[in-house]
Amino acid sequence: MQLELRDINYTYPGSSNNVFRQLSCQVTEPGFHALFGPSGVGKTTLAKMLAGTIKEFSGDIRIKQMEHVLYTYNLERLPGWYSVHDHLAQITPPPNRRRMQELVESFGLGPCLNSRFAQLSLGQQNRTNLTRYLLQDFDLLIMDESLANVDEITKEKIILKIKALYPDRCFLYISHNVVEVAKFCRQILVLRSYHKQPQAVSLQGQDFDGRRSLQEKHLEQCMLEIVNAA
Amino acid sequence: MLHRRIYQFLMIYFAGFAALMLVKYSLNLSDYVIPSLTEIWNTCRRYFGLYLLAVLNTLAVAILGHVLSICMATVVGIIGRLTIWIGSFIRVAAYNIQAYPIVAVAPIIFILLGDGLSSRLLIAAMICYFPLLLSIIGVLSEPVTEIEHFFESTRRMNWQLQVKIRAFENSHKLITVIVGSATLAMVGTIVAEFIAANAGIGYSIRIALYQSDLAKILVALFLIGICTSVYLVFLEWLGIIIKRRIGSV
C-alpha cells in the first residue's frame, strides 16, 4: 500500500497564484494519517487530486495497492426523502451489513436512525455521513474535517473505533486541530505555503490507539513540531 | 372564509369596475360605450350560466395544456440537463425560442390545424411551456454537489437518481413555477380562442367584441378571474400537500 506524490504543480483555473509548487510526499503503510496545514494551503485541493476529482495538474500521483479511494467532506448531505436508517440500509453493500449496526452504536447514531438528515444536529450529520463512507469498500478514505462539530469525547471514541476496525486501511484525516492530529495520527503530512520548500513535511504522530498509555511529554513535543513545521 | 387569492381578485376586479363607472359618470358617457349598472346586472343574470360553462370549457383546455406542458418540459428538461452536445443544444434552442412571442405563431397554427380543440390546446401548451422548460432545465442542470458527491464517488449515480435529487432539492422552486405557469396556460387558451376556436370564453368574448357589448365582456372577465383563482388555489393546495409529504418524517 503506497501513496506517492511527486513534483506536483497546480494553479487554480483563472488564477495566477500557485497552490502547489514541486510538492512531493508519500505515505507507505496503512493507518490513520493526517493532512495538516493552515487554511487555504491546499489540503482540500490535494484531497480532490487524490480522489481523482481534480485532474489538471502536472506531476505524478502514484497509488499502489489502493483500488478504491474515497473522499468525504463535512458539508455533505443525505437525500432528504430517506430516514438515516433507510439510507444506510440502501447504500451498504451486503457483506458490510453486520458492520452497520456496530458503527451506528459506536458512533451514537441509534437515536437518529428514524430521523431525516435535516432534522439532525451538525455533529450527528457529520457522524452519519462518515458512517456511510465507512460502510463502503475502500482502501483509502480521505476525511476532510469529517468530525467537525463533534464533541471531543465522541470524536476520540470514533477515531479509536475506526483504528480498531480498519487496521489494514489507509486514512487521511484533514483537521485543524493540532492536538488530535498529534495524538491519534501515525504519519502527519504538514502542508505549507508554496513559498516554503519542501512544501510538505512528514512528521510522526503518537498514533494513540487506546491500548497503551499516552506520554504527555511526547505529545507536546509532537504538537510543537507540527506547529513549527506549519 | 375566502382564500387570499380569491379576495385579492375580487378587490382588483371591483376596483377596476369602480374606476370604469367613475369614468362613465364623470365624463357622462352613453350606455353604448360603457353600460349602466342595471344593464350589466341584467346581462349577468342572462349570461352567467352560459359564460360559466364557457369558462369551465376554457379552464379544462388550459388544465390539459398545462399538464401537457409540464410533461413535455420535464422530458426535455431531463435531456437538456445533460452536459453532452444534445443538452447544450436543447438549452440554447430553448433560450432562443422562448424569446420569440408564441402568440405571433398562433395564426400559423390556426391555418394548419383550423379552429377547434387541437389549436386551442397547442397554443395554450406552447404559451406556458417555455417558462416551465427554462425553469426545469435550470433546476435539473444545477448539480447538488453536497448530496451527489457520495453517489458519484461510490459509482451509484444514475440519471433517475440525479433527476430525483435535483427535483427534490428544488421542489419549492418547481412548485412555484408550476403554479405560476397555470395563469399562462389560461391566458394561452383564451388567446387561442380569440384566434382559433368555436367554443370557450375567449370565443364568447370575441363575439361580444363584435357586438361592442362591454357588459358581456365584464361578466366574462369576472368569471375568468374567479375560475383562474380557484385553479391556482387548488394548485397551491396540491403544492402544500406535496411539500408536507416530502418534508415529513
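The shown structure was predicted, so the numbers you read here are calculated from the model rather than taken from an experiment. (Residues numbered from 1 in each chain as written. Chains lettered and ligands numbered in written order. Predicted model: local features only at pLDDT ≥ 70, side-chain atom pairs only at ≥ 80, totals over all residues.)

1. Brief notes about the overall build of chain A
Part 1 of the argument: Summing up its helical and strand segments, chain A has 7 helices and 9 strands in all.
Part 2 of the argument: For 230 residues, the compact-globule estimate of 2.2 N^0.38 gives 17 Å, and the C-alpha radius of gyration of chain A, at 18 Å, lies within 12% of that figure.
Part 3 of the argument: The C-alpha extent of chain A, read off along each of the three principal axes, is 50 × 45 × 30 Å.
Part 4 of the argument: Residues counted as buried form 37% of the 230 residues belonging to chain A.
Part 5 of the argument: For chain A, the share of sequence-separated contacts (at least 6 apart) that also reach a separation of at least 24 residues comes to 69%. (Helix = DSSP H or I, 4+ residues; strand = E, 2+ residues; numbered from the N terminus. Rg over C-alpha atoms; globule rule 2.2 N^0.38 Å. Buried ≥ 20, exposed ≤ 12 C-beta atoms within 10 Å, placed from the backbone. Contact = placed C-beta atoms within 7 Å.)

2. Describing the overall build of chain B
Part 1 of the argument: The number of helices and strands found in chain B is 10 helices and 0 strands.
Part 2 of the argument: The secondary structure elements of chain B, listed N-terminal to C-terminal, are α-α-α-α-α-α-α-α-α-α.
Part 3 of the argument: Projected onto its principal axes, the C-alpha positions of chain B cover 75 × 45 × 30 Å.
Part 4 of the argument: Taken over 249 residues, chain B has a buried fraction of 34%.
Part 5 of the argument: Restricting to contacts in chain B with at least 6 residues of sequence separation, those with at least 24 account for 77%.

3. A short note on the sheet that holds strand S1 (residues 2–11) of chain A
Residues and elements named next belong to chain A.
Part 1 of the argument: On the basis of which strands lie adjacent, the open sheet formed by 3 strands has the order S2-S1-S4 and antiparallel pairing. Edge positions in the sheet fall to strand S2 (18–27) and strand S4 (58–64), since each of these pairs with one other strand and no more. Averaged over neighbouring strand pairs, the angle between their axes works out to 15° when direction is ignored.
Part 2 of the argument: Relative to S2, S1 runs antiparallel, the two sharing 6 bridges. Each residue of the ladder has a partner; that of Leu5, found in S2, is Cys25. (Pairing = 2+ DSSP bridges. Axes fitted to C-alpha atoms, helices over the stretch in contact; angles between N-to-C directions.)

4. Re the sheet that holds strand S6 (residues 140–144) of chain A
Residues and elements named next belong to chain A.
Part 1 of the argument: Spatial strand order, S5-S6-S7-S3-S8-S9: 6 strands in an open sheet with mixed pairing. Two strands in the sheet have a free side with no partner beyond their single neighbour: strand S5 (69–73) and strand S9 (200–204). Along the sheet, successive strands turn relative to each other by an average axial angle of 20°, direction set aside.
Part 2 of the argument: Pairing between strand S8 (residues 187–191) and S9: 5 bridges, direction antiparallel. When the sheet's bridge partners are listed, Val190 is paired in S9 with Val201.
Part 3 of the argument: On top of the sheet, helix H4 (residues 122–134) reaches S5 and S6; it is set at about 175° to S5, its chief contact.

5. Brief notes about the interface of chain B and chain A
Part 1 of the argument: Each partner contributes residues to the interface: chain B has 11 residues there, and chain A has 14 residues.
Part 2 of the argument: Those elements that place two or more of their residues in the side of chain B that touches chain A are helix H6 (145–153) and helix H7 (159–169) of chain B.
Part 3 of the argument: The leading source of residues in the side of chain B that touches chain A is H6 of chain B, at 5 residues.
Part 4 of the argument: Among the residues making up the side of chain B that touches chain A, the classes are represented as 6 nonpolar, 3 polar and 2 charged. (Nonpolar A, V, L, I, M, F, W, Y, C, P; charged D, E, K, R; others polar.)

6. Points about the packing of helix H2 (residues 37–80) of chain B against helix H5 (residues 117–140) of chain B
All names here are of chain B.
Part 1 of the argument: The geometry of H2 relative to H5 is characterised by a closest axis approach of 7 Å and an angle of 40° between their N-to-C directions. Overall, the two elements H2 and H5 adopt an arrangement that is oblique. Once H2 is placed against H5, the crossing between them reads as right-handed.
Part 2 of the argument: In terms of residue class, the contact of H2 with H5 is made up of 20 nonpolar, 6 polar and 1 charged. (Parallel < 35°, antiparallel > 145°, perpendicular 65-115°, else oblique. Left-handed = near helix turned anticlockwise from the far one by under 90°.)

7. Some details on the pairing of S1 of chain A
Regular strands place their side chains on alternate faces of the sheet.
Part 1 of the argument: As defined by bridge partners, S1 of chain A adjoins S4 of chain A across 6 bridges and the pair is classed as antiparallel. Bridge assignment links Leu3 of chain A to a residue of S4 of chain A, and that residue is Ile63 of chain A.

8. Considerations on the packing of helix H8 (residues 171–195) of chain B against helix H9 (residues 201–210) of chain B
All names here are of chain B.
Part 1 of the argument: It is the contact of H8 with H9, at a shortest axis distance of 7 Å, that shows an interaxial angle of 50°. The pairing of H8 with H9 is recorded here as oblique in orientation. Taken as a pair, H8 and H9 cross one another with a handedness that is right-handed. Here H8 contributes Thr189, Ile190, Val191, Ala192, Glu193 and Phe194 to the contact with H9, which in turn contributes Ile201, Gly202, Tyr203 and Arg206.
Part 2 of the argument: Partitioned by chemical class, the residues of the contact of H8 with H9 number 6 nonpolar, 2 polar and 2 charged.

9. Considerations on the environment of Gly31 of chain A
Residue and element names in this part refer to chain A.
Part 1 of the argument: Summarising the element assignment, Gly31 is placed in strand S3 (residues 31–36).
Part 2 of the argument: Remark: the alpha-carbon pair of Gly31 and Ile162, spanning 131 residues in sequence, is separated by 9.9 Å.
Part 3 of the argument: Every residue in contact with Gly31, bar those within four places of it in the chain, is listed here: Cys170, Arg186 and Gln187.

10. Quick notes on H4 of chain A
Because the α-helix completes a turn every 3.6 residues, residues three or four places apart line up on one side.
Part 1 of the argument: Taking 1.5 Å of rise per residue, 13 residues should cover 18 Å, and H4 of chain A covers 18 Å from first to last C-alpha, within 8% of that figure.
Part 2 of the argument: The element H4 of chain A is extensively covered by neighbouring structure, given that 11 of its 13 residues are classed as buried.
Part 3 of the argument: Every buried residue belonging to H4 of chain A is among Gln124, Gln125, Asn126, Arg127, Thr128, Asn129, Leu130, Thr131, Arg132, Tyr133 and Leu134 of chain A, and all of these are buried.
Part 4 of the argument: Looking at the packing, one finds that the buried side of H4 of chain A touches S5, helix H2 (84–91), helix H3 (97–106), S6 and helix H5 (152–165) of chain A together with H6 of chain B. (Expected span 1.5 Å × (residues − 1).)

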